[in-house]
Amino acid sequence: MSQGPPPPLRVTDLTVRFAGLVALDAVSLTVEPGSIHALIGPNGAGKSTCFNVLSGVCRPASGSVRLGERELTRLAPHRIAALGVARTFQNIVTTEGTVADNLMLGRHGLSRAGFAATALRLPHAVREQRAHRERARAFAGLTGLGALFDTPVGLLSYGDRKRVELARALCLEPRLLLLDEPVAGMNGAERERMAGVVRTVRAELGLSVLLVEHDMGLVMRLADEVTVLDFGRRIAGGAPADVRTDPEVVRVYLGSPAAPAAPAAPAVSAPSGAGAVERPGDASARARGAAAPAPGTERGDSA
Amino acid sequence: MSERVPRTGPRAVLPYAAAVVLLCALPLYLEAYWLRIGLFAMAAAIGAIGLNLLSGGTGQLSLGHAFFLAVGAYGYAWLAGEPGPGLPAPLALVLAVCLAGVAGGLFSPVSGRVRGVYLGVATLALVFLGHHVMLNAEAVTGGYNGRAVAPFTLLGFSFTSADPELSVLGVPFGAEERLWYLGLALLGLAWFTARNILRGRPGRALAAVRDSEVAAAVLGVPVARYRSAAFVVSSMYAGLSGALIALAFRRIVPDYFGLTLSIDYLAMIVLGGLGSVAGAVAGAAFVTALPLVLTRYADVLPLVDEPGAGGQGVGPTEAARYLYGAAIVLVLRYAPGGLVGLVRRTPAPGRRAAPAASAPADDGAPANAASPSVRPSHPKESSS
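Residues numbered from 1 in each chain as written. Chains lettered and ligands numbered in written order. Predicted model: local features only at pLDDT ≥ 70, side-chain atom pairs only at ≥ 80, totals over all residues. Heavy atoms only, no water.

A. Inspection of the overall build of chain B at higher detail. The helix and strand tally for chain B stands at 17 helices and 6 strands. Out of the 384 residues in chain B, the part that is buried amounts to 51%. Considering only residue pairs separated by 6 or more positions, chain B has 73% of its internal contacts joining residues 24 or more positions apart. Accessible area of chain B: about 16,900 Å², with a carbon and sulfur share of 68%. (Helix = DSSP H or I, 4+ residues; strand = E, 2+ residues; numbered from the N terminus. Buried < 20%, exposed > 50% of the residue type's maximum accessible area, 1.4 Å probe, protein only. Contact = heavy atoms within 4.5 Å. Areas by Shrake-Rupley, 256 points an atom, 1.4 Å probe, with all protein chains shown as cover.)

B. Spatial organisation of the overall build of chain A. The secondary structure content of chain A amounts to 13 helices and 10 strands. Residues classed as buried in chain A amount to 53% of the 303 residues present. Sequence-distant contacts in chain A: of pairs separated by 6 or more residues, those separated by 24 or more amount to 68%.

C. Highlighting unusual backbone geometry. The omega torsion across Glu82 of chain B and Pro83 of chain B is 0°, close enough to zero to call that bond cis. Residue placement: Pro83 of chain B occurs in the loop between helix H3 (65-80) and helix H4 (89-106). Look at Ala19 of chain A: it is not a glycine, yet its phi comes out positive at around 45°. Look at Ala19 of chain A and you get exposed, because its relative accessible area is 80%. Here the phi dihedral of Glu181 of chain A falls at roughly 50°; this positive angle occurs in a residue that is not glycine. With respect to the element layout, Glu181 of chain A can be found in the loop between strand S7 (176-180) and helix H7 (188-205). A relative accessible area of 9% means that Glu181 of chain A is categorised as buried.

D. Region of the structure containing the sheet that holds strand S1 (residues 9-18) of chain A. All names here are of chain A. Pairing is antiparallel in the open sheet, where 4 strands are placed in the order S2-S1-S4-S5. The two strands at the open ends of the sheet, each matched to only one other strand, are strand S2 (21-31) and strand S5 (70-71). Pairing geometry for strand S4 (residues 62-67) and S5, over 2 bridges, is antiparallel. Within S5, the residue paired with Leu67 across the bridge is Arg70. The sheet contacts of helix H1 (residues 47-54) involve S1, S2 and S4, and relative to S1 the element is tilted by about 115°. (Pairing = 2+ DSSP bridges. Axes fitted to C-alpha atoms, helices over the stretch in contact; angles between N-to-C directions.)

E. Up close: the domain arrangement of chain A. All names here are of chain A. Taken as a whole, chain A is organised into domain 1 (8-84 + 174-303) and domain 2 (96-172). Taken over both partners, the interface formed by domain 1 and domain 2 buries close to 1,200 Å², and the fraction arising from carbon and sulfur atoms is 72%. Per-residue buried area on domain 1 facing domain 2 is highest for Pro174, Arg193 and Val197; these three make up 30% of the total on that side. Here domain 1 and domain 2 share 0 salt bridges between them. For the pair domain 1 and domain 2, the number of links is 2 residue pairs in polar contact (both at pLDDT 80 or more). (Domains from an automatic or database assignment. Buried area = accessible area lost by both parts, 1.4 Å probe. Salt bridge = Lys/Arg side-chain N within 4 Å of Asp/Glu carboxyl O. Polar contact = N/O pair within 3.5 Å; in protein donor to acceptor, adjacent residues only side chain to side chain.)

F. Structural context of the pairing of strand S9 (residues 225-230) of chain A. For S9 of chain A, the buried fraction is high: 5 of the 6 residues fall into the buried class. Connecting S9 of chain A to the next strand, strand S10 (residues 233-238) of chain A, in antiparallel fashion are 2 residues, including Phe231 of chain A with a positive phi near 50°.

G. Structural detail: the confidence of the model for chain B. Residue and element names in this part refer to chain B. Per-residue confidence for chain B gives a mean pLDDT of 80, with 81% of residues at or over 70. Note on residues 1-6: pLDDT under 50 across the span, and 25 contacts to partners over four residues away in sequence or across chains. Note that pLDDT drops below 50 for residues 348-384; the model gives that stretch 49 contacts with residues more than four away or on any other chain. Here the prediction assigns the complex a pTM of 0.81, and the interface score ipTM is 0.80. (pLDDT = per-residue confidence, 0-100.)

Structure below.
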């Protein structure tokens, strides 16, 4: 499955509405082949919604997502996965069973053994599954799970389960890897280890990575390019060093006592007139009307 | 998907071999009454394995299992019998299983889209539809009084009391003895295939659909297709089970295939342990045998009357329902893993613990080698 450089991912004017509420408003970004691209922003900025569109879980109202020449927005999730887009989840989603079972699930689209062949243990199905198991074992080794390959996932630590998700995504042989908060909830050592794994994976497998992360230090060290979202809009983008000093980003993350309501107004009032509608599916959705006048107080916490 | 035995060493096979030898020897010692109980239990076990694939394996609820049992039973009776095409019995059996699968497939527009409890409600309709058809399609089903079932014949060997006369070690082999081995073979087949499915690629996909549909889809599993495939496969097991039930009863009537039968099968898999093949078999044996055993000992048991005695106590069938109703409550409260979970939780150093503990050790994970065998193998509430 080792082909040339991964195709670029081009997101153009992506808009997602949930019952009159704009979760993503004409967002554009490009993930260059082989790069690590970070998507950041305060809670409720639309990062996870963006991931859901990219992986086909959620349909956009308008806009396009192209992986190379293929348009992804009309495809079912399993078709997008077959094109080489794999993702992890913010909250760990593993199935019952061992690490091997979970990683083998990642091989689903790449293997063929159906009900009849599996039920009767036909030789070709057994052979196929054995080969895929070895490949899955290789990915377990790459992510540091080699010794835990046959351990039930339920017995693993939080950090290990996060890495199971990463390894399972790698098992799809992706060309674009979407990581949704890969180090959330980890301690310092685990974070560094995860960052190392992501770097290794990118270097060895030559894939592109798009990641959502709140740990700014990690994002600045890891990413080649950063896109900043706030209230569904792209407010800044570019190299990490440039983004860090962008006044709009500083305002969003730290709040700006010098310019309270006026600059915030266009970004906040644009989405809809329904002030306090909560964003469906987003546990941390803020009541917009309340957040708007005092961005400084509430956003300081999330940064 | 709970008990993982990646390879089968001699130690893992030994208990199975012992069980098979024991089961094969039983017809030499048991009288026909007990063999009939065993036969019903084996037939039910095949159906329960199928339902467990759907409910335990995929997280879908079905109350329509009785319908697919009926399709298998009447399908076999019609295909092999008179009136009907009168096909050779093995062919009729295979076709009856396929017929049940087709019936399950016809339901796939619903089973692929509707999930969980809602599917349970949708399948409820099948039971009533099936009952209506059974009562009215008299040419095929014989209507209210049902129809006789042609005996099974394999290569000129008839599974009845004669033709040819047969006695083994001085024990005359009648229909029960012969059907016992047929049931055993079919149960073995069902066990083998269901275990392979659950542990293989399709089983992993089904478990993923059960645990998180979004994650399954993102990982490349076509969710709707697998949901309906699980329903079809489950229906095929039900069809096989139904055909065997028909053979054991020798006469089938519509009233047997009612809603209570569907609920009995749900009780079996809950009692035995969701998602486990062995659990389905254990649950089926318990639920099927209990009323028959109570009937047998109705005269000596307190509070239980003999059937038709009209005394103060309850009939054996009702008593069995009370008992397994209570058993379900106890299992749900104290042993959510079912009977199989109970066995596995006991940290006996015997054969149950051996395969689970040796598996990780082989792959160099000594730190975790001991833990899987002692922990109850429940879904951890970590996801979602």
